[in-house]
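Structural characterization, general
In case you want the letters, here they are:
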2 protein chains.
Amino acid sequence: MTRQQREAVDALLRNAPVHPNPTLAEQRAGFTLALSRPLPDDVAVDETVLAGRPALDLTPAAAGRGRLLHFHGGGYILGSPGALAGLTAQLARRAGLRATSLDYRLAPEHPFPAAVDDGLAAYRALLEAGVRPEELVLAGDSAGGGLVIATLVAARDAGLPQPAGAVVFSPWVDLTLGGESMHTKKDADPIFTPEAIRAYVAPYLAGQDPAHPLASPVLADLRGLPPLLVQAGSNELLLDDAVRLAGRAAADEVDVTLRVWPQVPHVFQVHFGRLDEADEALDEAARFLSARVRAGRKADRSPGENPGAGRS
Amino acid sequence: MTRQQREAVDALLRNAPVHPNPTLAEQRAGFTLALSRPLPDDVAVDETVLAGRPALDLTPAAAGRGRLLHFHGGGYILGSPGALAGLTAQLARRAGLRATSLDYRLAPEHPFPAAVDDGLAAYRALLEAGVRPEELVLAGDSAGGGLVIATLVAARDAGLPQPAGAVVFSPWVDLTLGGESMHTKKDADPIFTPEAIRAYVAPYLAGQDPAHPLASPVLADLRGLPPLLVQAGSNELLLDDAVRLAGRAAADEVDVTLRVWPQVPHVFQVHFGRLDEADEALDEAARFLSARVRAGRKADRSPGENPGAGRS
């Protein structure tokens, strides 16, 4: 992890071109341009439909059993499975899992809870299609990470079984913007200002309560959620979203791991190939996801085959 | 990880014999009895002296290069390297590292900062004896975990190099007892009551400020500390000490990992062999420590040998 790499990424982000008063279409195009990364040759990308929504299937050549349901970031307003496909593909190939990245509905056209409704419908559709929850894992970055947690809470409340585990990169889980890092990391964050984050809240909530547990799942009861891995960088206004999500999960008896890398920005994992921390974080996330799928497969064997059967 | 195992350990702890108004000697004997676990055959235990204090050397048959400096728990009042030798030996043999467990001075005979002075002196003595900081790691449980963090802060402030990393189990890092879990985990904690924890504070501080950063290192500036692994159980009044330590470290640009296991108690690692979570946590801690020592060894090679040389 070289300081040069970190400084190059920081400069890249601080010097990103800024449209004065961009239209929504310009914002979306800019986001896609900024987040796009090369797709690896060994991952096939196919358009599909999941629960009535467009989606991308990303199938690594060496995919084993199990499935990864992925939710992209973009503040519930920007982004798409295609914009983040480079990142999703890296996670899929390193974990050896076929990924399905959902094109959930965005605000302002479709405010809260449209995204959560779509997340839950996609999760339910995968179960109904025969994907076993023990072999299903979720992942998401930024708002997509918040959507992962909200979907798990909504699935629990709907009486659905939980998946084998979930990974969230720099999750945005507090739309009340209550984290201390919203102030303390103002100079360190090369991407956001507090005002920029605040600008995402109103179109998504459209007047609804920012403290709603499915909008701000750091305020939700997280009991019953599966093992979680939360990753963040220290150069983030949203650092405390990650820390407090881990704290809330721990208090609610969820098996939770938090890992924070110093001096790297929001969703630094997207800088794989040019920032060692990004590759290290993706490898850690992939190991976590494949271990969860392996553990789920094991737990499903009959008692005769499996010494761990019957464990809780 | 069976529910039966967790319930058996919980019952063991809740039904521990309680002396009414024990003397200090009775408390110390009871602590040693409660924490003692079998020593593995493949770890040699030798008495030694480090910086003028008694210590135990625990040398696994398969020890490689590198050294683990260990600080036992016991609220700064109880405990000894011998009392925790079973736990220390497990960590040493799983990490493949020779461990030295320090018999630092205890309160009330020797109040704060005696323990920190001894921790720092021991760390300095190992460096002066030729142990390279890149191959030196620290570990501690409960108050010993707090002492690990305080020692790292004191070493930094003394201008000493930092070690390669540190692991803390259920660290006690807030003598102001400011964690929310001090209230919310009252029924879940099978070991402590808030009053019992409070009873450790006065003898150690002897009237000094509980918010002193070397007494409550969760309140310290942690910049410059090496990679940290923080482990805790969710059934702990001190859960928030672990969560807030990780949050403080993350904010201060320390590479930090927090892992919380659900429904297990304070320093559950001592129940290795009868609680799957304990073995899993010890293995994770050992992997972390040996990886840190390996990384330190690599970073020490000359630039010609090592593509990572010169990295920060």
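The rules behind these values
Residues numbered from 1 in each chain as written. Chains lettered and ligands numbered in written order. Predicted model: local features only at pLDDT ≥ 70, side-chain atom pairs only at ≥ 80, totals over all residues. Heavy atoms only, no water. Phe/Tyr/Trp six-rings, centres within 6.5 Å; stacked < 30°, edge-to-face > 60°. Helix = DSSP H or I, 4+ residues; strand = E, 2+ residues; numbered from the N terminus. Buried < 20%, exposed > 50% of the residue type's maximum accessible area, 1.4 Å probe, protein only. Lys NZ or Arg CZ within 6 Å of the ring centre and 35° of its normal. Contact = heavy atoms within 4.5 Å. Buried area = accessible area lost by both parts, 1.4 Å probe. Nonpolar A, V, L, I, M, F, W, Y, C, P; charged D, E, K, R; others polar. Pairing = 2+ DSSP bridges. Salt bridge = Lys/Arg side-chain N within 4 Å of Asp/Glu carboxyl O. Expected span 1.5 Å × (residues − 1).

This brings us to the packing of aromatic side chains. Applying the stated criterion to the full structure yields 14 aromatic pairs over all chains. Between A:Phe71 and A:Tyr104, the ring centres sit 6.4 Å apart and the planes meet at 80°, which makes this aromatic pair edge-to-face. Pair noted here: A:Phe71 is in strand β3 (residues 67-71) and A:Tyr104 is in the loop between β4 (98-102) and α4 (114-128), with a separation of 33 residues, a long-range link. For the pair A:Phe71 and A:Tyr104, a shared accessibility class is recorded, and that class is buried. Ring centres 3.8 Å apart and planes at 5° place the aromatic pair A:Tyr76 and A:Tyr204 in the stacked group. Taken together, the residues span a long stretch of sequence, with A:Tyr76 in the loop between β3 and α3 (85-95) and A:Tyr204 in helix α7 (residues 194-205) at a distance of 128 residues. Look at A:Tyr76 and you get buried, because its relative accessible area is 1%. Directly above the ring of A:Trp261 sits A:Arg259, whose terminal nitrogen or CZ lies 4.0 Å from the centroid. The ring centre of B:Phe272 lies 4.4 Å from the NZ or CZ of B:Arg37, which sits over that ring.

Here we take up the interface of chain B and chain A. Each partner contributes residues to the interface: chain B has 26 residues there, and chain A has 26 residues. Of the roughly 2,300 Å² buried at the junction of chain B and chain A (both faces included), carbon and sulfur atoms supply 47%. Contributing elements (two or more residues each) for the side of chain B that touches chain A: α1 (3-14), β7 (228-235), α8 (239-251) and β8 (256-265) of chain B. Considering every element that reaches the side of chain B that touches chain A, the biggest residue donor is β8(B), with seven residues. Class assignment for the residues of the side of chain B that touches chain A results in eleven nonpolar, seven polar and eight charged. The pairing of strand β8 (residues 256-265) of chain A with β8(B) spans five bridges and is antiparallel. Bridge pairing in β8(B) places A:Thr257 opposite B:Arg259.

Scanning the model with the defined rule gives 42 salt bridges over all chains in all. Two residues, A:Arg28 and A:Glu109, come together in a salt bridge whose shortest N-O distance is 2.9 Å. Taken together, the positions of A:Arg28 in helix α2 (residues 24-35) and A:Glu109 in the loop between β4 and α4 put the pair 81 residues apart, joining distant regions of the chain. Residue class for A:Glu109 comes out partly exposed when judged on its relative accessible area of 45%. Note that B:Arg259 is salt-bridged to B:Glu280, the shortest N-O span being 3.1 Å.

If you check helix α5 (residues 143-157) of chain A, its first and last C-alpha atoms are 21 Å apart, about what 15 residues at 1.5 Å a residue would give, namely 21 Å. Counting buried positions over the 15 residues of α5(A) gives 13, a clear majority of the element.

Next up on the list: unusual backbone geometry. For the bond running from A:Ala107 to A:Pro108, omega is 0°, close enough to zero to count as cis. Take A:Pro108: it is sitting in the loop between β4 and α4. Following A:Phe112, the chain continues to A:Pro113 via a peptide bond in cis, the omega torsion being 5°. Along the chain, A:Pro113 turns up in the loop between β4 and α4. Even without being a glycine, A:Leu177 presents a positive backbone phi close to 55°. As for its position among the elements, A:Leu177 is in the loop between β6 (165-169) and α6 (181-184). With phi around 55°, B:Ser142 is a residue other than glycine that occupies positive phi space.

Function cannot be inferred from these measures alone, as they are strictly geometric.
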